[in-house]
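The residues making up each chain are set out below.
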Amino acid sequence: MPAPESAAPSRAQLVDLVSGSGTNLQALLDAIAADPAFPAEVVAVGADREGIAGLQRAEAAELSTFVVKVEDFADRADWDAALTEITEVFAPDLVVSAGFMKLLGARFLDRFTVVNTHPALLPAFPGAHAVRDALAYGVTVTGCTVHLVDGGVDTGPVIAQAAVDIRPGDDEDSLHERIKVVERELLVDVVRRISADPAALTVTGRKVTIP
Ligand code: GRF
């Protein structure tokens, strides 16, 4: 008997975490909107602060949003528990940290698979000032990394990377904008591949395999 039309394969449910402009989130939303076969959908967007463009993008897309601010909790463990609890409501198959500028805690990471995008070729230049640090060091090539999140600062196993040349006249803004063009494409590709079969993601030591 043919499957009823309503039995379309379910799409991976994504929760996206943002702290800023949310152009990586927008790239995901655009890719999903452009491709009915995209194997994922964003079901909610979370942030650690109010008043950011990332949340406005989510609202424009009529997505559920939530804000969990560190300063509203006695300590980071309580904040992490609250973030975990509200994220659980959306039962994500994958959490995408795209410009989320807080370290996720043990409870959250025990519960969810999280990918993060970082604007440097890790393990070079981890931390919040990766683009500035790469320029200051004088490297001629930098780039971006999509990686699994562990408890460290940008230390989780690498999933995919792409290189970006540094040009003689680059400053932090011009270089970051050029990295972000490549970064958005890389993130969308990784999310598409993981979402196609979340159970196929394997980690052996530091080696990540995705479909
Ligand atoms: C990205 O370059 C991300 O790697 C870094 O912050 C930027 C976020 O950009 N951590 P956006 O908010 O997605 O526009």
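Residues numbered from 1 in each chain as written. Predicted model: local features only at pLDDT ≥ 70, side-chain atom pairs only at ≥ 80, totals over all residues. Heavy atoms only, no water.

Colleague: How do you make sense of the packing of helix α5 (residues 130–137) against helix α6 (residues 172–196) when you look at a structure like this?
Modeller: A pair of packed helices is captured by two measures, namely the crossing angle of their axes and the spacing between those axes. At their nearest, the axes of α5 and α6 sit 9 Å apart, and the two run at 115° to each other. In this structure, α5 meets α6 at a crossing whose hand is right-handed. Counted together, V131, R132 and L135 of α5 and E172, L175, H176 and I179 of α6 form the full contact between these two elements. Within the contact of α5 with α6, the residues separate by chemical class into four nonpolar, one polar and two charged. (Axes fitted to C-alpha atoms, helices over the stretch in contact; angles between N-to-C directions. Helix = DSSP H or I, 4+ residues; strand = E, 2+ residues; numbered from the N terminus. Left-handed = near helix turned anticlockwise from the far one by under 90°. Contact = heavy atoms within 4.5 Å. Nonpolar A, V, L, I, M, F, W, Y, C, P; charged D, E, K, R; others polar.)

Colleague: Mind showing me how you'd approach the pattern of salt bridges here?
Modeller: Working definition: two side chains of opposite charge can pair if their charged atoms are close together. In total, this model carries nine salt bridges according to the counting rule given. Residue E172 is joined to R132 by a salt bridge in which the shortest nitrogen-to-oxygen separation is 3.3 Å. You can see E172 sitting in helix α6 and its partner R132 sitting in helix α5, a full 40 residues away along the chain. Overall, E172 belongs to the partly exposed group, its relative accessible area being 28%. For R132, a relative accessible area of 42% puts it in the partly exposed group. Among the ionic pairs, R193 bridges to D189, the shortest N-O distance being 3.4 Å. Placement of both R193 and D189 in helix α6 is noted, with a separation of four residues, approximately one turn of the helix. Look at D189 and you get partly exposed, because its relative accessible area is 33%. A network of salt bridges, in which partner residues are shared, links D48, R49 and K102. (Salt bridge = Lys/Arg side-chain N within 4 Å of Asp/Glu carboxyl O. Buried < 20%, exposed > 50% of the residue type's maximum accessible area, 1.4 Å probe, protein only.)

Colleague: Just checking my understanding: could you explain the packing of helix α1 (residues 23–34) against α6 for this structure?
Modeller: For the pair α1 and α6, the least separation of the axes is 9 Å and the interaxial angle reads 50°. Regarding the angle of α1 to α6, the classification is oblique. Judged by the twist between their axes, the crossing of α1 over α6 is right-handed. Residues T23, N24, A27, L28 and A31 of α1 lie in contact with α6, whose contacting residues are K180, E183, R184, L187, V188 and V191. The residue makeup of the contact of α1 with α6, split by class, is six nonpolar, two polar and three charged. (Parallel < 35°, antiparallel > 145°, perpendicular 65-115°, else oblique.)

Colleague: How do you make sense of the environment of V67 when you look at a structure like this?
Modeller: Tracing the backbone through its elements, the reader meets V67 in strand β3 (residues 64–67). For V67, a relative accessible area of 31% translates into the label partly exposed. As for V67 and L83, which are separated by 16 residues in sequence, their C-alpha atoms are 8.6 Å apart. When neighbours within four sequence positions are excluded, V67 is seen to be in contact with A47, D48, R49, E50 and L55.

Colleague: Looking at this structure, I do not really get the nonpolar core. What am I missing?
Modeller: In a soluble, globular protein the nonpolar side chains are often hidden away together inside. In terms of nonpolar packing, the biggest core is built from 42 residues, with F38, V42, V45, V96, V115, I159 and I194 touching the most fellow members. Every element with two or more residues in this core is listed here: β1 (12–18), α1, β2 (40–47), α2 (53–60), β4 (94–97), β6 (141–148), β7 (158–165) and α6. The element best represented in this core is α6, accounting for eight residues. Residues F66, A82, L83 and V95 belong to the second largest nonpolar core, which totals 17 residues. (Core = buried A, V, L, I, M, F, W, Y, C linked by side-chain atoms within 4.5 Å.)

Colleague: Teacher, can you tell me more about the pairing of β2 here?
Modeller: Along any regular strand the residues' side chains alternate between the sheet's two faces. The element β2 is largely enclosed, with a buried count of seven among its eight residues. One ladder, built from seven bridges, connects β1 with β2; its direction is parallel. From the neighbouring strand, V15 faces β2, where its bridge partner is A44. (Pairing = 2+ DSSP bridges.)

Colleague: How should the site of the ligand be read in this particular structure?
Modeller: Taken together, 13 residues sit near the ligand, with S21, G22, T23, H176 and E183 positioned nearest. A distance of 2.8 Å separates an oxygen atom of the ligand from a polar side-chain atom of N24. Contact distances for the ligand include 3.1 Å between an oxygen atom and a backbone N or O atom of T117. When isolated, the ligand has an accessible area of 370 Å², and the protein chains bury 91% of it. For the shell around the ligand, the elements supplying multiple residues, two or more each, are α1, β5 (114–118) and α6. Here the shell around the ligand gets three residues from one element, more than from any other, and that element is α6. Classifying every residue of the shell around the ligand by side-chain character gives two nonpolar, nine polar and two charged. (Near = heavy atom within 4 Å. Polar contact = N/O pair within 3.5 Å; in protein donor to acceptor, adjacent residues only side chain to side chain. Areas by Shrake-Rupley, 256 points an atom, 1.4 Å probe, with all protein chains shown as cover.)

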